[in-house]
Amino acid sequence: GKIVWGESHVADQYRAAVAVAREAKAFDHVQLYERKLAQLGVNTDVTKFRTALELAQAGEMEAAYERMRGIAPEDRPGYANAHYWIIENLLAQRLKTPADSSHELAGRHLDRLADLGVRGAGVDVLRAVWLAQGGQAAEATALLEPLVHAHPLSLIHISEPTRPS
């Protein structure tokens, strides 16, 4: 019992340190504390995801993308939220990837979400955008048809893609 408690106490301290370092935009410190957490056997996907979002908001899209790929690789199921972020940003052409490979990569990440059993209107909308960008308008329309009736407002963010602030 005592050692386990000690480790979880240490893990809590590292988690707190990650949050402080992230707030201070000290991303090198964040990485150090994340490594310490990983050494304790703690799953660091959530902290890595939050740090990647902070990097993206700070305009560091390449660094954000690199971190997202670390927790959501294209070739195996990873952290679902990171797969989702990658797909969204590839489809919106916000990542420095050629358009043709962006499309192929987005498709692979969509497949990883399917592998993870992630379903819902948001994923269907992303898949429809992906299909439409690949010239498969009929398939995209068929996928969106049920959504229009169920969620009339769910299509708004397709016509008005959000720009990174």
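It should be emphasised that the depicted structure is a prediction, and the values quoted were computed from it without experimental measurement.

Participant: Give a detailed account of the overall build of the protein, specifying residues and quantitative values.
Facilitator: For the protein, the helix and strand inventory stands at nine helices and zero strands. Along the protein, from the amino end to the carboxyl end, the secondary structure elements read α-α-α-α-α-α-α-α-α. Sequence separation of 24 or more characterises 48% of the internal contacts of the protein that already satisfy a separation of 6 or more. Per element, the accessible surface of the protein, about 9700 Å² overall, is 55% carbon and sulfur.

Participant: Got a sec to walk through the side chain of Thr44? Specific residues and values, please.
Facilitator: Within the secondary structure layout, Thr44 lies in the loop between helix H2 (27-39) and helix H3 (45-57). Residue classification places Thr44 among the buried positions, given a relative accessible area of 5%. Dropping the residues within four chain positions of it, Thr44 is found in contact with Glu34, Leu37 and Ala38.

Participant: Describe helix H6 (residues 99-115), naming the residues involved and giving the relevant values.
Facilitator: In this model H6 runs 24 Å from its N-terminal to its C-terminal C-alpha over 17 residues, within 8% of the 24 Å that 1.5 Å per residue would give. As for H6, its buried residues are in contact with helix H4 (61-71), helix H5 (80-91) and helix H7 (121-133).

Participant: Would you mind going over the confidence of the model for the protein in detail, with residue names and values included?
Facilitator: Looking at the protein, pLDDT values average 84 and 86% of them are 70 or higher. Within the model, pLDDT remains below 50 along residues 158-163, and this stretch shows five contacts once partners closer than five positions in the same chain are excluded.

Participant: Report on unusual backbone geometry, specifying residues and quantitative values.
Facilitator: In the Ramachandran plot, Lys25 falls in the positive-phi region, its phi being about 60° despite a non-glycine side chain. Within the element layout of this structure, Lys25 appears in the loop between helix H1 (2-23) and H2. Judged by its relative accessible area of 44%, Lys25 is partly exposed. You will see that Gln93, though not glycine, has its phi angle at about 60°, which is positive. For Gln93, the location among the structural elements is in the loop between H5 and H6.

Participant: Explain the packing of aromatic side chains to me, using residue names and the numbers behind them.
Facilitator: If you walk through the whole model with that rule in mind, you get two aromatic pairs. Summarising the aromatic geometry, the rings of Tyr14 and Tyr33 are spaced 6.1 Å apart at their centres and angled 35° between planes, so their arrangement reads as tilted. Residue Tyr14 is found in helix H1, and its partner Tyr33 is found in helix H2; the two are separated by 19 residues along the sequence. Residue class for Tyr14 comes out partly exposed when judged on its relative accessible area of 23%. By relative accessible area, Tyr33 is classed as partly exposed at 23%.

Participant: Account for the side chain of Thr51, naming residues and giving values.
Facilitator: Examined against the element boundaries, Thr51 turns out to sit in helix H3. Within the structure, the side chain of Thr51 is placed 2.9 Å from the backbone oxygen of Thr47, a separation counted as a polar contact.

Cut-offs and rules
Residues numbered from 1 in each chain as written. Predicted model: local features only at pLDDT ≥ 70, side-chain atom pairs only at ≥ 80, totals over all residues. Heavy atoms only, no water. Helix = DSSP H or I, 4+ residues; strand = E, 2+ residues; numbered from the N terminus. Contact = heavy atoms within 4.5 Å. Areas by Shrake-Rupley, 256 points an atom, 1.4 Å probe, with all protein chains shown as cover. Buried < 20%, exposed > 50% of the residue type's maximum accessible area, 1.4 Å probe, protein only. Expected span 1.5 Å × (residues − 1). pLDDT = per-residue confidence, 0-100. Phe/Tyr/Trp six-rings, centres within 6.5 Å; stacked < 30°, edge-to-face > 60°. Polar contact = N/O pair within 3.5 Å; in protein donor to acceptor, adjacent residues only side chain to side chain.

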